[in-house]
Amino acid sequence: MMIERLEEEFSDPALIRLMAKIASACTEISDAIRVQAIDDSKDGSGNLSGRAESTNVQGEEQMKLDIYSHDVFVKACKESNSCVGLISEEVEEYIDLREGGGERGKRGEQEGLAPSSSSDQIHDGGQELGEEKKYIVAFDPLDGSSNVAYGVSVGSIFSVFEYKTTGEGDTRNPIEEVLKPQTGRNVMCAGYCVYGSSTDLVIATRKNTRVVGWTLDPSSNTYVKTRADISIPQRGKIYSINEGYEHKFSEGMKRYIRDCKESSSMTARYVGSMVADVHRTLLAGGTFHYPLGKLRMLYECFPMALMIEVAGGLSISDTGSNTLDSAVESIHERGAIHLGSKENMDDLKKCLRL
Ligand code: AHG
Ligand code: MN
Ligand code: MN
Ligand code: MN
């Protein structure tokens, strides 16, 4: 699997390997999603379709594809040889990948969900790579999985933290790199892959402070760079929120929704997969909201907030503070998020009296 001109976006060989491995993981997940419905067992116990009879740390029922996607991500990050640890929506504990580390992160092995043979190794040309950096990846291996059995767009989301080791004998817990004040500002790059009408990989790179998009060309199994520098429109016509919970929203949120309905220029779209709703917001403009604190900071809110902010938009919490300025005390911490085009977000802030 090839990803075009990745080296234009990153300078650290370890990060280039990691991004390429994550891209190949996304291809494996995209392929699995598109065949899960082809049930090879006739009695509905297909290898990848359906529920896994287990729940994650939030008590959410897990789909077999949640666990399969988790295993694919763990395998890819391990094979990149660039990570010291992982945080996954599907595993409660921090996954320490250092020699002798704790939980090795495998989930689906016992259910036989572990992925087939690994994808192509990332060849670093065999040259001895210089002093490389190491990273911690927080990921949502399958976002929107409650939709996955109905042909609706889903995706994977990840954020990358640099692990600044103090060298030999460093006994600090790498998680200290992640759980500290202004955690979001320590996200050194982030991305998502949306498995929809196309498989689109979008990465916000700190180095270039730009958002870049690749589209998978299935005929050549290559990610083609299709959007070299994404900017979110200053204003959009779409607001995106689950109005089924309107009775739980603040008066300010209700005011914003009412204003959108009364405006002749706004319309509503809500897929129910954050990755699809945010991808559309990034490209078409408008706003996306999840004010009830369901979404997880490290692997949903921060990566999407970085994407939108680098593309020229705004992402805030319910109190109006920048999402990326939030501190996070635990790896599965959740928070409220509102993100989108600058001008639409100004309208929102007026309604929220911020
Ligand atoms: P996940 O499938 O990773 O658990 O995430 C689901 C999230 C997110 O994708 C989406 O924005 C939100 O759940 C939708 O929640 P509601 O169904 O409550 O609207
Ligand atoms: Mn989930
Ligand atoms: Mn999710
Ligand atoms: Mn998920």
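No experiment lies behind these values; they were computed from the predicted model shown.

What counts and what doesn't
- Residues numbered from 1 in each chain as written.
- Chains lettered and ligands numbered in written order.
- Predicted model: local features only at pLDDT ≥ 70, side-chain atom pairs only at ≥ 80, totals over all residues.
- Heavy atoms only, no water.
- Donors = N, O, S within 2.8 Å, 3.2 Å for Na, K, Ca; no water.
- Helix = DSSP H or I, 4+ residues; strand = E, 2+ residues; numbered from the N terminus.
- Pairing = 2+ DSSP bridges.
- Contact = heavy atoms within 4.5 Å.
- Axes fitted to C-alpha atoms, helices over the stretch in contact; angles between N-to-C directions.
- UniProt positions renumbered as here; feature names shortened; annotations may be inferred.
- Buried < 20%, exposed > 50% of the residue type's maximum accessible area, 1.4 Å probe, protein only.
- Near = heavy atom within 4 Å.
- Polar contact = N/O pair within 3.5 Å; in protein donor to acceptor, adjacent residues only side chain to side chain.
- Areas by Shrake-Rupley, 256 points an atom, 1.4 Å probe, with all protein chains shown as cover.
- Domains from an automatic or database assignment.
- Buried area = accessible area lost by both parts, 1.4 Å probe.
- Salt bridge = Lys/Arg side-chain N within 4 Å of Asp/Glu carboxyl O.

**A few points about the coordination of the manganese ion (ligand 2)**
Here comes step 1: The protein atoms that coordinate the manganese ion (ligand 2) are Glu-60 (OE) and Glu-89 (OE), at distances of 2.1 to 2.2 Å.
Here comes step 2: Here the manganese ion (ligand 2) and the manganese ion (ligand 3) are spaced 5.5 Å apart. Of this pair, Glu-60 sits in the loop between strand S2 (51-55) and strand S3 (61-63) while Glu-89 sits in the loop between strand S4 (83-88) and strand S5 (95-96), and the two are 29 residues apart along the sequence.

**Digging into the sheet that holds strand S16 (residues 337-340)**
Here comes step 1: The strand order S13-S12-S14-S16-S15 describes an open sheet built from five strands, whose pairing is mixed. Each end of this open sheet is capped by a strand with a single partner; those strands are strand S13 (267-268) and strand S15 (314-316).
Here comes step 2: Inspection of the sheet shows strand S14 (residues 287-290) paired to S16 by four bridges, in the antiparallel sense. Across the sheet, His-289 pairs through a bridge with His-338, a residue of S16.
Here comes step 3: Sheet contacts for helix H5 (residues 274-284): strand S12 (238-240), S14 and S16; angle to S14, the most-contacted strand, approximately 150°.

**Details of the UniProt feature "domain: Fructose-1-6-bisphosphatase class 1 C-terminal" (unreviewed entry) in the chain**
Here comes step 1: With numbering aligned to this structure, UniProt lists the feature "domain: Fructose-1-6-bisphosphatase class 1 C-terminal" (unreviewed entry) at residues 232-352.
Here comes step 2: Strand forms 13% of residues 232-352 and helix 39%; the C-alpha atoms that close the span are 22 Å apart.

**Thoughts on the coordination of the manganese ion (ligand 3)**
Here comes step 1: Around the manganese ion (ligand 3), the protein contributes the donor atoms Asp-140 (OD), Asp-143 (OD) and Glu-300 (OE), which lie 1.9 to 2.0 Å from the metal centre.
Here comes step 2: Counting gaps between the donor residues of the manganese ion (ligand 3) yields the pattern D-x2-D-x156-E.
Here comes step 3: For Asp-143, a relative accessible area of 4% translates into the label buried.

**A word on the site of ligand 1**
Here comes step 1: Of all residues adjacent to ligand 1, which total 19 residues, the nearest are Asp-143, Gly-144, Tyr-245, Tyr-270 and Tyr-290.
Here comes step 2: Between ligand 1 and Tyr-245 there is a distance of 2.7 Å, counted from an oxygen atom to a side-chain nitrogen or oxygen.
Here comes step 3: Residue Met-274 places a main-chain N or O atom 2.8 Å away from an oxygen atom belonging to ligand 1.
Here comes step 4: Surface burial for ligand 1 is 89%, taken as the share of its 470 Å² of free accessible area covered by protein chains.
Here comes step 5: Looking at the shell around ligand 1, the element that brings in the most residues is strand S6 (residues 134-143), giving three residues.

**Section: the domain arrangement of the chain**
Here comes step 1: Here the chain is partitioned into domain 1 (6-98 + 133-229) and domain 2 (238-352).
Here comes step 2: Averaged C-alpha coordinates put domain 1 and domain 2 at centres separated by 22 Å.
Here comes step 3: Contact residues are listed per partner, giving 51 residues for domain 1 and 33 residues for domain 2.
Here comes step 4: When domain 1 packs against domain 2, close to 3,000 Å² is buried across both sides, 65% of that on carbon and sulfur atoms.
Here comes step 5: Three residues stand out in domain 1 for area buried against domain 2, namely Gln-58, Arg-185 and Tyr-192, and they jointly supply 20% of the buried area on that side.
Here comes step 6: Between the two partners, domain 1 and domain 2, sit four salt bridges.

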